[in-house]
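# Structure at a glance
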Amino acid sequence: METVLPSEPGYVGARDVGAIRYVDHALTARRFRWPIPRLEKAARLLNDFARRRGAAGFAVLDAAARDEGLAHLVASGHARLVDTLIEVTLEAYLSDPVH
C-alpha cells in the first residue's frame, strides 16, 4: 500500500492513515470480500517476484524494486490485480476520518 500511496514530507501516505489496518478489518466484512482472491494472487506473485531477486518478500524490497514489481505484474498480464491494489488502497486512504 505504501508503494501505491507513499508518505512524503508534507504529504500523508497509506502507512500514515493505517490503510493496512483498514483493509484487514474491511476484508472481514461481507461487502468487501470481492477483492480477496485478487489480493491473495497479487501478494503471491509479488512475493515470488521478490524471492527471484533474493529478498524474503515484496515488503522488504526498496521503493524502486517494489515499483518494478508492480510494473512486472502489469507487463505479465496481471494489470487487473494492480488495479485492485490501487482501488483498495485508495478506499482505505479516503476512508480515514482525516479526509
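Just above sits the structure.
Before going into details, it helps to say that this report is about the structure given with it. (Residues numbered from 1 in each chain as written. Predicted model: local features only at pLDDT ≥ 70, side-chain atom pairs only at ≥ 80, totals over all residues. Heavy atoms only, no water.)

### Side note on the overall build of the protein
Looking only at helices and strands, the protein features 4 helices and 0 strands. In terms of C-alpha radius of gyration, the protein reaches 14 Å, essentially the compact-globule figure of 13 Å for 99 residues. Its C-alpha atoms put the protein at 40 × 35 × 20 Å along the principal axes. A buried classification covers 36% of the 99 residues belonging to the protein. A sequence separation of at least 24 residues applies to 52% of the contacts in the protein between residues at least 6 apart. Of note, the protein has its 13 positive side-chain charges centred 8 Å away from the centre of its 13 negative side-chain charges. (Helix = DSSP H or I, 4+ residues; strand = E, 2+ residues; numbered from the N terminus. Rg over C-alpha atoms; globule rule 2.2 N^0.38 Å. Buried < 20%, exposed > 50% of the residue type's maximum accessible area, 1.4 Å probe, protein only. Contact = heavy atoms within 4.5 Å. Lys, Arg positive; Asp, Glu negative; His and termini not counted. Charge placed at Lys NZ, Arg CZ, Asp CG, Glu CD.)

### Regarding the packing of helix α2 (residues 36–52) against helix α3 (residues 63–75)
Where α2 contacts α3, the axes come no closer than 10 Å and their chain directions differ by 125 degrees. Here α3 runs oblique to α2, going by the angle between their axes. You can see that α2 and α3 cross each other, and the crossing is right-handed. Residue-level inspection shows Leu45, Leu46, Phe49 and Arg52 of α2 in contact with α3, the latter providing Ala65, Glu68, Gly69, Leu70, His72 and Leu73. Taken together, the residues that form the contact of α2 with α3 break down as 6 nonpolar, 2 polar and 2 charged. (Axes fitted to C-alpha atoms, helices over the stretch in contact; angles between N-to-C directions. Parallel < 35°, antiparallel > 145°, perpendicular 65-115°, else oblique. Left-handed = near helix turned anticlockwise from the far one by under 90°. Nonpolar A, V, L, I, M, F, W, Y, C, P; charged D, E, K, R; others polar.)

### Some details on the nonpolar core
Counting 25 residues, the largest nonpolar core has Leu46, Leu61 and Leu85 as the members making the most contacts within it. Of all the elements in the fold, those that place two or more residues in this core are α1 (19–26), α2, α3 and α4 (79–94). Discounting residues that sit within four places of it in the chain, Leu85 has contacts with Leu39, Ala42, Leu46 and Leu70. (Core = buried A, V, L, I, M, F, W, Y, C linked by side-chain atoms within 4.5 Å.)

### Considerations on the side chain of Glu2
Examined against the element boundaries, Glu2 turns out to sit in the segment before α1. For the buried Glu2, no salt bridge exists, and the shortest N-O distance to an oppositely charged side chain is 4.2 Å, to Arg15. One polar contact links the side chain of Glu2 to the main-chain amide nitrogen of Ser7, over a distance of 2.6 Å. Not counting residues within four places of it along the chain, the set of residues in contact with Glu2 comprises Ser7, Ala14 and Arg15. (Salt bridge = Lys/Arg side-chain N within 4 Å of Asp/Glu carboxyl O. Polar contact = N/O pair within 3.5 Å; in protein donor to acceptor, adjacent residues only side chain to side chain.)

### Quick word on the pattern of salt bridges
Applying the stated criterion across every chain, the model contains 2 salt bridges. With a closest N to O distance of 3.6 Å, Asp48 and Arg51 form a salt bridge. With Asp48 and Arg51 both in helix α2, this residue pair falls 3 residues apart, about one helical turn. We classify Asp48 as partly exposed; its relative accessible area is 31%. Glu68 is the salt-bridge partner of Arg53, the closest N and O atoms lying 3.6 Å from each other. On the criterion of sequence distance, the pair formed by Arg53 in the loop between α2 and α3 and Glu68 in helix α3 is long-range, its members being 15 residues apart.

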